[in-house]
Amino acid sequence: MTASTNIVWHESEVTKAARQRAKGHKSAVLWFTGLSASGKSTISVALETVLHQKAIHTYRLDGDNVRFGLNKNLGFSPEDRTENIRRIGEVSKLMIDAGLLTLTAFISPYREDRQQVRELLEPGEFIEVYVKASLESCEERDPKGLYKKARSGEIKGFTGIDAPYEEPENPEIVIDTDQLDVKGAIDLILAYLSDNGYI
Ligand SMILES: Nc1ncnc2c1ncn2[C@@H]1O[C@H](COP(=O)(O)OS(=O)(=O)O)[C@@H](OP(=O)(O)O)[C@H]1O
Ligand SMILES: Nc1ncnc2c1ncn2[C@@H]1O[C@H](COP(=O)(O)OP(=O)(O)O)[C@@H](O)[C@H]1O
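This one's a predicted model, so the numbers in the text were calculated from it and none came from an experiment.

### A look at the packing of aromatic side chains
- Enumeration over the complete set of coordinates arrives at five aromatic pairs.
- Centre to centre, the rings of tyrosine 130 and tyrosine 165 are 6.1 Å apart; their planes meet at 20°, and the pair counts as stacked. Remark: tyrosine 165 occurs in the loop between α7 (146–152) and β5 (173–176) and tyrosine 130 occurs in strand β4 (residues 126–132); sequence separation between them is 35 residues.
- Looking at tyrosine 130, the relative accessible area reads 7%, which means it is buried.
- A residue is classified by how much of its surface remains accessible, and tyrosine 165, at 16% relative accessible area, is buried.

### Things to note about the site of ligand 2
- Taken together, 15 residues lie near ligand 2, and Ala37, Lys40, Ser41, Thr42 and Leu180 sit nearest.
- Take lysine 40: an N or O atom from its side chain is 2.8 Å from an oxygen atom of ligand 2.
- Calculation on ligand 2 without its partners gives an accessible area of 570 Å², and the protein chains cover 75% of this total.
- Here the shell around ligand 2 gets four residues from one element, more than from any other, and that element is helix α2 (residues 40–53).
- Grouping the constituent residues of the shell around ligand 2 by class yields six nonpolar, six polar and three charged.

### Things to note about the UniProt feature "active site" (unreviewed entry) in the protein chain
- Per the UniProt record, "active site" (unreviewed entry) is found at Ser108.
- Topologically, serine 108 is positioned in the loop between β3 (101–105) and α5 (111–120).
- What makes serine 108 buried here is its relative accessible area of 2%.
- Contacts of serine 108, omitting those with residues within four sequence positions, involve Trp31, Phe32, Thr33, Ile85, Arg114 and Tyr165.
- Here the side chain of serine 108 touches tryptophan 31 through a polar contact of 3.0 Å, side chain to side chain.

What counts, and at which threshold
- Residues numbered from 1 in each chain as written.
- Chains lettered and ligands numbered in written order.
- Predicted model: local features only at pLDDT ≥ 70, side-chain atom pairs only at ≥ 80, totals over all residues.
- Heavy atoms only, no water.
- Phe/Tyr/Trp six-rings, centres within 6.5 Å; stacked < 30°, edge-to-face > 60°.
- Helix = DSSP H or I, 4+ residues; strand = E, 2+ residues; numbered from the N terminus.
- Buried < 20%, exposed > 50% of the residue type's maximum accessible area, 1.4 Å probe, protein only.
- Near = heavy atom within 4 Å.
- Polar contact = N/O pair within 3.5 Å; in protein donor to acceptor, adjacent residues only side chain to side chain.
- Areas by Shrake-Rupley, 256 points an atom, 1.4 Å probe, with all protein chains shown as cover.
- Nonpolar A, V, L, I, M, F, W, Y, C, P; charged D, E, K, R; others polar.
- UniProt positions renumbered as here; feature names shortened; annotations may be inferred.
- Contact = heavy atoms within 4.5 Å.

Set out below in structure tokens:
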């Protein structure tokens, strides 16, 4: 549903395919999803550096960062999380159109919300990366002290404690950070991108 009426799509002369040719690689989104402290930010930051060194044009969107700006009006209710992911899906679509290999790091706890983003994009453009770690390890890592606050009741509706996380059913890539270190994760993702002709 679009709220505006009397709007007409205007095509550009420079196409997505032309931008991809100019950059020498495909554009897509690596959609990292997983519990808080599972490793989404750590892995996506390190991976972006490696991709950049390989002259791949990237951009990274991160949950905390986007909530300082574009999504500053959203909280953590189920409706707000859905709207958060919808907007990031749309931003990812623009970045893909611009020819960028986009990396997103959002908990994105709802399967349906992630599916909506997949459907918004063209086949092959949505690469779901499930960053898997047990709740116990995430709680033990607790880099921001948020699990502690959630356990004490200071934060309500915290993912994994008193708000749900729905695991991906068919992710393109699974990174088990209880087993794999950051370098292992990067190697796995680079192999996927290269084997599937993205880079
Ligand atoms: N209630 C609650 N539940 C989960 N996370 C919380 C909450 N409150 C604040 N935070 C912090 O916000 C980061 C998650 O934001 P996201 O935009 O990725 O969340 S979501 O996709 O809309 O569910 C998350 O960042 P990460 O730890 O990087 O995942 C937390 O730092
Ligand atoms: N194999 C691993 N991969 C990624 N992070 C790990 C790993 N093992 C331990 N960590 C630690 O776990 C924490 C993950 O935090 P972060 O990347 O912010 O997660 P998220 O973005 O999912 O909330 C960091 O402190 C990181 O150093």
